[in-house]
Structure formats: C-alpha cells, structure tokens
Amino acid sequence: MTTARTAGMSLPQAAYTDPDVYDADLERVFATGWLFAGHTCELDEPGRWIAVDIGRDRVLVVRGDDGALHAHHDVCAHRGSRLTTDDRGCSRAFVCPYHQWVYGLDGRLRSARLMGDGFPSASYRLAPVAVRELAGLVFVCLAGTPPDFDGFAAAVGPPLEPHGLAGARIAVRDRYRVRANWKTIVENNRECYHCRGSHPEFTLSNFDAGTHGEVRANPRFEQAVAAARERWRRRGLPCEEVSFPGGAWYRVSRMPLREGYLTETLDGGPVAPLMGTLTDPDTGSLRMTSLPNLWAHADCDYATTTRLTPVDAGTTDVEVCYLVRADAGDVDTDALTAVWRATSAQDWALCENNWAGIASRGYRPGPLSPMVEGSVEAFLCWYAATFDRV
Ligand code: FES
Ligand code: FE
C-alpha cells in the first residue's frame, strides 16, 4: 500500500483506487478528526436525532432533555444490534429492535427486560462519541481523544454566526451517489481551474479562477476583494481569511461576488429574507471548508452545506442542503437551487470522469498549477500528514 506523493503532484493511483487505502483512510483520516454531522436546526428540541454513517460506524446525535447535544455509537450494549434504521427522527428513548433494551437520550440504559434480579443496568450504556456545535453546524469525532476544536471555532464562528444557521431551516436536501473516490471530490472542490470551462451558472456571480491568494484570470478580482473587505470591516462584518493554518483541517474566507450580484442566484437577486442577524445584503459569500467531509457557502439569503460520506474506494455519497431563515415562508426552490444544482451536477460529472481516468492503466500523477491549484496542494499536504501520523 503506497500513497507516498511528490510535492506539487497528484497522488499515486493506489491512493484513489486501492481498497486497502480506502480502509486506511477511514481509520486514519475519518476516525481521527472532526466530521461534519448535520445542522443544529434539525436538532432543535429534545428527542430529535440524526444518524451519521462513517464507514462501518454509525453515530446517533440527539438533543437531550438537558438541551445539550449527545452523540452515541448506534450499537446496543446487549449484543450489538443497531438501534435505528432511519436517518433521522424524534424519540423519547431509543429502543433496541432486537430484545427491547431501552436507552435514554443521554445514552444511559433505562431498562433491560428478563436480565434477572440485580442486573446492574447502570453499568451499561451506549458508547459515547465526542460532539460539538458551531454556529449552527454539528461535528462529531470518533477518536477517544479528539483534536483541538477551539482554533476552528475561533476562526469559523465569528464570520458564520451572523448568517444564523442555528435558526434556519433546511428548505431542500439533495442526495447524490458519485462514482469517485472522496479525495477526487475534495480536490475538485479545492480549485476553480475548472470553473470557466464547466460552470456557466456559478461564474455568473463568482470570479472564475482559483481561491483568494492565488493568481486570478480576472484582474478586477483583487480590487473587488480589497473594496469589499473595506466595506465589511466598516460595518463590523467579520471577513478575516483563515486558510489551513499550520496545516490544520479548516479554511474560511468571505469572498466578493461579481458586480450586480448580491447572492449566488442566476440573476443575483435574493430568493429569501436576509439570514440571521444580517442587516445588509452586501455580505459577499462566506466559504468554509472542514476537511475531510464538508464545504459550505453562506450568502445573504441562503446557505448550502455539502457533506461527503465515503462508501468505498470508488464511491462517495454526497448530501447538499439548502438553508433559509426558519420564518422565510414559501421560497421558490427552483430559484434557490438553480446555481448549486447545476454546479453540483457538473462537478459530479467532472469527478466521475476524473476518477475513471485515474483508475485506468494510463494514469500517472500529474503536476498541480502553482497559480490556481494551491488549495489542492494544501489539501493533499493535510491528507498526507494525517494519513502518515498514525
Ligand atoms: Fe439490543 Fe439485544 S441486541 S437488546
Ligand atoms: Fe466545480
């Protein structure tokens, strides 16, 4: 099993196609870091829960009677049955379907029938999983000792809070199954080298190449960034850019949209009321990446989250959620989703085509552009360091 890479180059074929590397990715990458699990707004009252599949693990995240979030392995403490089959619900307790052991929302075993007098119920519970909430997003970590979350919270919380995701609702949830390795999909997300050629809807509102700090094809980009950040700072809207600090797993950046566009819709006009505590639609588009499984855009009127769930070396499930204010009323979902449904479909086709080539006999690692693929390099450095840490 070799994933050793040369700096500035894409990964060796095995990193994208070998089932052993895929298994190692689950152990070394997905089981060690913070993973995006879902949204605070779907866990807004005691008993509401979501289930998150991570390889062969499944985690239940539930709002407890105490108002706090709890996360548990979905594994019965009797003989190991799954407790749930749905991916979300609202329950007063979790009842194992096999022999009906009953667990409280906090994971404690409440009752176990026919176990005899003196059975020590208090000695059994659902195995806990670390969970954190940040500005309306929920993260879990399978590791016994999770990595530091505070740096991530300090970077992402202030710019994301004003968008009010905790008080939003999921207006649309789209699911896709993509025939590509999860890293191929992250790489695609980390560059806009491909945008001009493939994303006519996205490039209506967005400058078309690279991420901030890289060379842009459009010379007006840097001027637009400087002018927008000056306006945002005067209004007190956080716009500090943080990009994989010290090789960390996260990035956040508030990006200006093209002139005449207030949001990422086809005509640039908002499709819903301003989110959260925003008072001016001139917010640009807040971009957030949390490796290995989330990227999000928060605009003035809506936000999207894209969550990756690896299925096998060549298959990844993707969930895209569109959030608007909870009290937004009827929203034109065609207008809401027009840019991202088009862009997502285009990206999945690019990724499947990319992975098919990678999986073939003719593939060799190729060179990344130092001008517009710097964020792919940052991802691959983070991946290699994370993979090799164990
Ligand atoms: Fe759950 Fe038996 S496995 S009650
Ligand atoms: Fe794309």
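- An unreviewed UniProt entry lists the chain under the name Rieske 2Fe-2S family protein, with Pseudonocardia endophytica as the source organism.
- Under the UniProt heading Cofactor (unreviewed entry), the note attached to the chain is "Fe cation".

### Structural notes on the state of the cysteines
Such a bond, covalent and formed between the sulfur atoms of two cysteines, is termed a disulfide.
Then step 1. Tallied over the entire structure, the rule returns one disulfide.
Then step 2. Free of any disulfide, Cys-300 has its nearest neighbouring cysteine sulfur in Cys-239, separated by 16 Å.

### Details of the packing of helix 4 (residues 182–189) against helix 9 (residues 374–389)
Then step 1. Between helix 4 and helix 9, the shortest axis-to-axis distance is 8 Å and the interhelical angle comes to 145 degrees. Relative to helix 9, helix 4 is oriented so that their crossing is right-handed. Mapping the contact onto sequence places Trp-182, Lys-183, Val-186 and Glu-187 in helix 4 and Val-376, Phe-379, Leu-380 and Tyr-383 in helix 9.

### Digging into the pattern of salt bridges
Then step 1. Scanning the entire structure with this criterion turns up 28 salt bridges.
Then step 2. The closest approach of N and O atoms between Arg-233 and Glu-240, which form a salt bridge, is 3.8 Å.
Then step 3. On the basis of relative accessible area, Arg-233 is assigned to the partly exposed category, the value being 47%.
Then step 4. Taking relative accessible area as the criterion, Glu-240 reaches 53% and is therefore assigned exposed.
Then step 5. Among the ionic contacts, a cluster of salt bridges with common partners joins Glu-42, Asp-87, Arg-88, Arg-173, Arg-175, Arg-307 and Glu-319.

### Let's talk about the coordination of the iron ion (ligand 2)
Then step 1. Coordination of the iron ion (ligand 2) by the protein involves His-194 (NE2), His-199 (NE2), Asp-347 (OD) and Asp-347 (OD), with metal-donor separations of 2.0 to 2.5 Å.
Then step 2. Between the four donor atoms coordinating the iron ion (ligand 2), the angles at the centre fall across 56 to 149 degrees, so the site counts as irregular.
Then step 3. Binding-site remark: the iron ion (ligand 2) is held by donors from one chain whose sequence spacing is H-x4-H-x147-D. Pair check on accessibility: His-194 and His-199 agree, each one buried.

### What to know about the UniProt feature "domain: Rieske" (unreviewed entry) in the chain
Then step 1. Here the UniProt-annotated "domain: Rieske" (unreviewed entry) positions come out as residues 34–140.
Then step 2. Secondary structure over residues 34–140 splits into 0% helix and 40% strand, and the C-alpha atoms at its two ends are 6 Å apart.

### Quick notes on the side chain of Ser-253
Then step 1. Tracing the sequence through the fold places Ser-253 in strand 13 (residues 250–255).
Then step 2. A polar side-chain atom of Ser-253 sits 3.5 Å from a polar atom in the side chain of Arg-229.
Then step 3. Setting aside anything within four residues of it in sequence, one finds Ser-253 in contact with Arg-229, Glu-241, Ser-285, Leu-286 and Arg-287.

### A few points about unusual backbone geometry
Then step 1. Of the consecutive residues Leu-291 and Pro-292, the connecting peptide bond is found in the cis state with omega at 10 degrees.
Then step 2. Looking at the secondary structure, you find Pro-292 in the loop between strand 14 (285–290) and strand 15 (294–298).
Then step 3. One non-glycine residue, Leu-114, lies in the positive phi region at around 55 degrees.
Then step 4. Along the chain, the position of Leu-114 falls in the loop between strand 8 (109–111) and strand 9 (130–134).
Then step 5. The backbone phi angle of Ala-135 is positive, close to 50 degrees, even though this residue is not glycine.
Then step 6. Mapped onto the fold, Ala-135 is located in the loop between strand 9 and strand 10 (137–141).

Basis of the calculations
Residues numbered from 1 in each chain as written. Chains lettered and ligands numbered in written order. Predicted model: local features only at pLDDT ≥ 70, side-chain atom pairs only at ≥ 80, totals over all residues. Heavy atoms only, no water. UniProt positions renumbered as here; feature names shortened; annotations may be inferred. Disulfide = S-S within 2.5 Å. Axes fitted to C-alpha atoms, helices over the stretch in contact; angles between N-to-C directions. Helix = DSSP H or I, 4+ residues; strand = E, 2+ residues; numbered from the N terminus. Left-handed = near helix turned anticlockwise from the far one by under 90°. Contact = heavy atoms within 4.5 Å. Salt bridge = Lys/Arg side-chain N within 4 Å of Asp/Glu carboxyl O. Buried < 20%, exposed > 50% of the residue type's maximum accessible area, 1.4 Å probe, protein only. Donors = N, O, S within 2.8 Å, 3.2 Å for Na, K, Ca; no water. Tetrahedral: all angles 85-135°; square planar, octahedral: opposite > 155°, others 65-115°. Polar contact = N/O pair within 3.5 Å; in protein donor to acceptor, adjacent residues only side chain to side chain.

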